Amino acid sequence: MRPLPPLEALAHASRLLEAQGFRETARNERGDSRYLARGEGPERLRLSNHARTPKQRRIHPEVMASLVIRAPKTEAQVSALVAAALRDFAGGLARRDARLTEPR
């Protein structure tokens, strides 16, 4: 199986996430970052070919997890990255919920 170029691998990841109930809600101007949501809440999963900066993390706390693909990947590798991103997303939700429910 030939590796997919990064943008094709990101598109494949997006399709796999859509099969898990996510939908694309936004895309940056260059088209190399996509933001996906599941349900009606503000939480997002980010797909991109580059990591977020610390400033982006501060400004956009709604991004629970990022899936970054910079190099060619096989479909199996993309599937593994999607599974990890889903775990990270669930972990981000759990951390957020724990902060919201801890006594002050």
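Up top you'll find the structure we're talking about.
Residues numbered from 1 in each chain as written. Predicted model: local features only at pLDDT ≥ 70, side-chain atom pairs only at ≥ 80, totals over all residues. Heavy atoms only, no water.

A. Just the overall build of the protein, in detail. A count of helical and extended segments in the protein gives three helices and four strands. Of the regular secondary structure in the protein, the N- to C-terminal order runs α-β-β-β-α-β-α. Computed over C-alpha atoms, the radius of gyration of the protein comes to 14 Å, within 12% of the 13 Å expected from 2.2 N^0.38 for 104 residues, which places it in the range of a compact globule. In the protein, which comprises 104 residues, the share counted as buried stands at 31%. (Helix = DSSP H or I, 4+ residues; strand = E, 2+ residues; numbered from the N terminus. Rg over C-alpha atoms; globule rule 2.2 N^0.38 Å. Buried < 20%, exposed > 50% of the residue type's maximum accessible area, 1.4 Å probe, protein only.)

B. Representation of helix H3 (residues 75–101). Taking 1.5 Å of rise per residue, 27 residues should cover 39 Å, and H3 covers 39 Å from first to last C-alpha, within 8% of that figure. Among the residues of H3, Val78, Val82, Ala85, Phe89 and Gly92 are the ones counted as buried. (Expected span 1.5 Å × (residues − 1).)

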